[in-house]
Amino acid sequence: MNRELYTKLVDLYAGYELPAELEDEMIVAAGNDPALASDMLTLRAAVDALQNDQGPSFTEESFQRILMKLYARGVDLHTKAPSPTHLQYQLPIQG
Amino acid sequence: MAEKRWLHALAKGDPAALGGLYEIYGERIFRYAFRMLGNRSDAEDATAETFLRVLRRSNELRADAAFRTWLFRIARNLCIDRMRQHRLLELPNDAHDNGTEERTALKITVQQALSDLPADYREPLILCDLEDISAKEAADILKISVPALKSRLYRGRRALRDKLGGALEKVL
């Protein structure tokens, strides 16, 4: 296969979309082509870095704050999650 | 199965239905909104507003329609509105990682690089690479064709790699 085609397949290689035989073939071709090898290696590393990103944590505080925002907008929302402690008991100041 | 049950209940006006749907999708919508908007406070507002709209528009739901696609589309529109309202330049402030310093630095850099990308590139990366949504569903959410989605995805990955630059070399 020619180099031009391999260059076009780098995006698929980086996203793990190539069949195993074709991926092996590209790795062999990259052994003799430093530019192709660099393109393959760095693009896949970028995809890996992105896909391994755990993202922001959805904390209990965020979960409850979103519920509070919905209650405040008049939504009668029922969840299985326990209510936060400060909402479980009526404090004197709340009347 | 739980989703279908809650959607059926929502159509009947059961107040527990929205809570059930929030428990299934709340975290994903919050993460998506956080990545789009870049901070927790705006992400919480957008998530609450998304579920409020689900309730208000529940009559638009059809039994055969893909609820998740519809839900992400609502969240996306709200995030875009919010981004238009005020230009958000604040970086996510609660990035943390248990790995090495290099990986922690890379994670922060990934978030920075992602937030620096044009929306046309950023959105396919968030949906396909971060939220693990199929190309077909992501294309439906963005209301573009699958080839257009793939083109933006591939260009976005290359743009992200260019922005990561040196940080990427440290972990290779």
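Higher on the page you've got the structure.
Residues numbered from 1 in each chain as written. Chains lettered and ligands numbered in written order. Predicted model: local features only at pLDDT ≥ 70, side-chain atom pairs only at ≥ 80, totals over all residues. Heavy atoms only, no water.

Caption draft 1: How the structure looks around the overall build of chain A. The helix and strand tally for chain A stands at 5 helices and 0 strands. When its helices and strands are written in sequence order, chain A yields α-α-α-α-α. Here chain A holds 95 residues, and the buried ones make up 40% of them. Within chain A, counting contacts between residues at least 6 apart in sequence, those at least 24 apart form 40% of the total. Total accessible area on chain A is roughly 5,800 Å²; 56% of this is exposed by carbon and sulfur atoms. (Helix = DSSP H or I, 4+ residues; strand = E, 2+ residues; numbered from the N terminus. Buried < 20%, exposed > 50% of the residue type's maximum accessible area, 1.4 Å probe, protein only. Contact = heavy atoms within 4.5 Å. Areas by Shrake-Rupley, 256 points an atom, 1.4 Å probe, with all protein chains shown as cover.)

Caption draft 2: Local environment of the overall build of chain B. A count of helical and extended segments in chain B gives 9 helices and 0 strands. Across chain B, helices and strands are ordered from the amino to the carboxyl terminus as α-α-α-α-α-α-α-α-α. Expressed as a percentage of its 172 residues, the buried residues of chain B come to 49%. Counting every atom, chain B has about 8,500 Å² of accessible surface; 47% of that belongs to carbon and sulfur.

Caption draft 3: Spotlight on the interface of chain B and chain A. Counting residues at the interface gives 41 residues for chain B, matched by 37 residues for chain A. Of the roughly 3,600 Å² buried between chain B and chain A on both sides combined, carbon and sulfur atoms contribute 61%. Inspection of the region where chain B meets chain A yields 9 salt bridges. In this structure, B:Glu49 and A:Arg73 form a salt bridge, with 2.9 Å as the shortest nitrogen-oxygen distance. At the junction of chain B and chain A, the tally comes to 15 residue pairs in polar contact (both at pLDDT 80 or more). Taken together, the elements giving at least two residues each to the side of chain B that touches chain A come down to α2 (16-37), α3 (40-56), α5 (101-116), α6 (119-130) and α8 (146-164) of chain B. Among the elements that line the side of chain B that touches chain A, the one with the most residues is α2(B), at 12 residues. (Buried area = accessible area lost by both parts, 1.4 Å probe. Salt bridge = Lys/Arg side-chain N within 4 Å of Asp/Glu carboxyl O. Polar contact = N/O pair within 3.5 Å; in protein donor to acceptor, adjacent residues only side chain to side chain.)

Caption draft 4: Highlighting the pattern of salt bridges. Taken as a whole and assessed by the stated rule, the structure comprises 26 salt bridges over all chains. For B:Lys136, the salt bridge goes to B:Asp140, with nearest N and O atoms at 2.9 Å. Here B:Lys136 pairs with B:Asp140, and both are found in helix α7 (residues 135-142), just 4 residues apart, close to one helical turn. Take B:Lys136: its relative accessible area is 49%, and that puts it in the partly exposed class. Through salt bridges with shared partners, a single network forms among A:Asp53, B:Glu27, B:Arg28, B:Arg31, B:Arg35 and B:Glu131.

Caption draft 5: Seen up close, the environment of B:Ile144. Residue and element names in this part refer to chain B. Tracing the chain through its elements places isoleucine 144 in the loop between α7 and α8. Through-space distance from the C-alpha of isoleucine 144 to that of arginine 28 is 22 Å; in sequence the pair is 116 residues apart. Apart from the residues within four sequence positions on either side, isoleucine 144 is in contact with Ala139, Leu149 and Arg152.

Caption draft 6: Representation of unusual backbone geometry in the model. Even without glycine at this site, A:Tyr16 takes up a positive phi of about 55°. With respect to the secondary-structure elements, A:Tyr16 resides in the loop between α1 (3-14) and α2 (20-30). Phi is positive for B:Asp132, close to 55°, though the residue is something other than glycine. Tracing the backbone through its elements, the reader meets B:Asp132 in the loop between α6 and α7.

Caption draft 7: Region of interest: α6(B). For α6(B), a buried count of 9 out of 12 residues is recorded, marking the element as mostly surrounded by other parts of the structure. If you check which residues of α6(B) are buried, you get B:Arg122, B:Glu123, B:Pro124, B:Leu125, B:Ile126, B:Leu127, B:Cys128, B:Asp129 and B:Leu130.

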